[in-house]
Amino acid sequence: MNKASGRSWLLFFKKFSPMFFIGIDVSKSKLDCSLLLDAASSSKRKTKSVANSKAGVADLLVWVAKQGVTLCDLHAILEGTGAYHETAAFSLHHAGVTVSIVNPAQVRDFARGLAVRTKTDSVDSWVLARYGALVHPKPWTPPTPEARTLQALLSRREAIAQDLQRERNRLEKADATDTPALIRQSLLESIHFLSQQLDKLQHDINDHIDCHPGLKRDLDLLQSIPAVGPQVGTQLLAILHRQTFQSAEQLAAYLGLVPVERQSGSSILGRPRLSKAGPPRVRAVLYMAAIVASRHNPHVKALYERLLARGKSKMAALGAAMRKLVHLCFGVLKTRTPYQPNYVVPA
């Protein structure tokens, strides 16, 4: 066999070598894992439970190797569970394992399709492994350190803003009732402290973006779009730097802005509604931006008025305006060109 044919055979072998799928059900303290030894058979599997830590993931990788599975042939499927899945996802990725982080709602629907009604950690990990074997979800790519820091700052800012609003609501209630002066003073001090923290966090966010030219350039492109201000811009900036989207439609679907129809025969004829499958905080700021864009953004305004003229409700038109705004944001980043109000969209 010559060298050329040898290389061809190696590429062929890698392309068609078997892939092993492991479902990992994540909780705060442990990882429940199900390894499918045969993707075509759901009965040939091994289970393992380890601590949700770097040391636990290291133990898991040793156990996988003892099953005769090489890490480059392993595909791990995890659900996105806040922050608890991050240690496992990063550790597995750094070890050379293909990692996919999937939407929990999609996995629940998949389990119903398999007629799985039992819900335990072991069963959930098996469902995740079967989901990986049948669906082959796209691999996850870890975000850059600056994108992770930006998301952490934004999450903290949102938490402080919510705490501040709660304290203001309590002060409003105190003003309307016979509340002791000490309680009112405590509320005022708390509001003052939280306001300072919110201002500092906003300052830290601005400094962080200014210190990273890539983030700064992308934020400037996003804010070139009328109605996209700092709130919308930074939220979308964090999302677009943490995940890869192949199209504007994918981004809109991730944010829960695609319409879902409910129609079957003549008995079910529901109005299409937004899927609302993505982060609600981002949709909230996009909703307010869409209201502004429907008056001041040429492309969004034209779409909004056209839909109203066709008899669509204001809420449906605003939903379309939110999607249009997201498409414009995706477009300026993809083309690396600031927003052009006179740009004619190809038919």
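Residue numbers run consecutively from 1 along every chain, following the written order of its sequence. Since the coordinates come from a predicted model, pLDDT governs what is reported: local features require at least 70, and pairs of side-chain atoms require 80 or more to be given and counted, while whole-chain, interface and lining totals use all residues. Hydrogens are left out, water is left out, and the side-chain values use all remaining heavy atoms of the structure.

A. Region of interest: the overall build of the chain. Counting its regular elements, the chain contains 13 helices and seven strands. Residue contacts follow a heavy-atom distance rule, with two residues in contact if any of their heavy atoms lie within 4.5 Å. Taking as baseline every contact in the chain between residues at least 6 positions apart, the subset at least 24 positions apart corresponds to 61%. Helix and strand assignments follow DSSP, with helices taken as H or I runs no shorter than four residues and strands as E runs no shorter than two, numbered in order from the N terminus.

B. Region of the structure containing the nonpolar core. Ranked by internal contacts, the top residues of the largest apolar core, which has 54 residues, are Leu255 and Leu286. Secondary structure elements with two or more residues in this core: α6 (145-176), α7 (181-210), α8 (213-222), α9 (230-242), α10 (248-254), α11 (280-296), α12 (298-309) and α13 (314-335). If we skip the residues at most four places from it in the chain, Leu286 touches Val232, Leu236, Leu255, Leu257, Met322, Leu325 and Val326. Among the buried residues, those of types Ala, Val, Leu, Ile, Met, Phe, Trp, Tyr and Cys that are joined through side-chain atoms within 4.5 Å form a nonpolar core. Relative accessibility under 20% of the residue-type maximum defines a buried residue, over 50% an exposed one, and the middle range a partly exposed one, all with a 1.4 Å probe and only protein chains included. With 24 residues, the next largest nonpolar core counts Phe20, Ile24, Leu74 and Ala89 among its residues.

C. Fine view of the pattern of salt bridges. Every case where a carboxyl oxygen of Asp or Glu lies within 4 Å of a side-chain nitrogen of Lys or Arg is listed as a salt bridge. Taken as a whole and assessed by the stated rule, the structure comprises eleven salt bridges. As a salt-bridge pair, Glu167 and Arg170 come within 2.4 Å of each other at their nearest N and O atoms. Note that Glu167 and Arg170 are positioned in helix α6 at a spacing of three residues, about one turn of the helix. For Glu167, a relative accessible area of 12% gives the class buried. When the shortest N-O distance is used, the salt bridge between Lys216 and Asp210 registers 3.5 Å. What makes Asp210 partly exposed here is its relative accessible area of 46%. In this structure, a network of salt bridges that share partners links the residues Lys30, Asp32 and Asp121.

D. Structural detail: α7. The end-to-end C-alpha distance of α7, which contains 30 residues, comes to 44 Å, matching closely the 44 Å that a straight helix rising 1.5 Å per residue would cover. Buried within α7 we find Leu187, Ile191, Leu194, Ser195, Leu201, Ile205, His208 and Ile209. In this fold, the buried residues of α7 make contact with α6, α8 and α9. In a helix, the anticipated span is given by 1.5 Å times the number of residues less one.

E. Just the environment of Asp204, in detail. By the element assignment, Asp204 lies in helix α7. Between the C-alpha atoms of Asp204 and Leu153, which are 51 residues apart in sequence, the distance is 7.9 Å.

F. Up close: the packing of helix α2 (residues 54-66) against helix α3 (residues 86-94). Following both chains from N to C, one finds α2 and α3 inclined at 45°, their axes separated by 9 Å at the closest point. Relative to α3, the element α2 lies oblique. For the pair α2 and α3, the sense of crossing is right-handed. Between α2 and α3, the contacting residues are Lys54, Val57 and Leu61 on the first element and Thr87, Ala88, Ser91 and Leu92 on the second. Throughout, an axis means a line fitted to C-alpha atoms (over the contacting stretch in the case of helices), and angles, computed between N-to-C directions, take values from 0 to 180 degrees. When an angle is under 35 degrees it counts as roughly parallel; over 145 it counts as roughly antiparallel; between 65 and 115 it counts as roughly perpendicular; any other value is oblique. Helix crossings are classified by the rotation of the near helix relative to the far one: an anticlockwise turn of less than a right angle makes the crossing left-handed, while a clockwise turn makes it right-handed.

G. Representation of the layout of surface pockets in the model. Here the term cavity refers to a set of points on a 1 Å grid, laid over the protein atoms alone, in which a 1.4 Å probe fits but cannot get out; the term pocket refers to an open set having protein on both sides within 12 Å along at least five of seven lines, with lining residues being those that place an atom within 4 Å of a point. Grid points are joined across faces, edges and corners, and a volume is the space filled by probe spheres set on the points. Quantified by volume, the largest pocket comes out at close to 1800 Å³. Lining the largest pocket are 50 residues, with Gly80, Ile101, Arg242, Gln243 and Tyr254 sitting closest to its centre. Among the elements of the structure, α3, β5 (98-102), α4 (104-113), α5 (121-135), α6, α9, α10 and α11 are those that each provide at least two residues to the lining of the largest pocket. In terms of residue count, the dominant contributor to the lining of the largest pocket is α6 (seven residues). Along the lines of polarity and charge, the residues of the lining of the largest pocket split into 25 nonpolar, 18 polar and seven charged. Gly is put with the polar residues, along with every residue not named as nonpolar or charged; the nonpolar set is Ala, Val, Leu, Ile, Met, Phe, Trp, Tyr, Cys and Pro, and the charged set is Asp, Glu, Lys and Arg.

H. Molecular detail of the confidence of the model for the chain. Scored by pLDDT, the chain comes out at a mean of 88, with 88% of its residues at no less than 70. Per-residue pLDDT stays below 50 along residues 5-16; that stretch engages in one contact with residues further than four places along the chain or on separate chains. One number per residue, pLDDT, summarises how confident the predictor is, and it ranges from 0 to 100.

I. Expanded view of the side chain of His75. In this structure, His75 sits in strand β4 (residues 74-79). Leaving out residues up to four positions away in the same chain, His75 has contacts with Met19, Phe20, Phe21, Ile22, Thr98, Val99, Ser100 and Pro137.

J. Inspection of the pairing of β5 at higher detail. Two strands pair under a simple rule: DSSP has to find at least two bridges between them. When β4 meets β5, the two strands line up parallel, connected through five bridges. The partner of Ile77 across the bridge, within β5, is Ser100.

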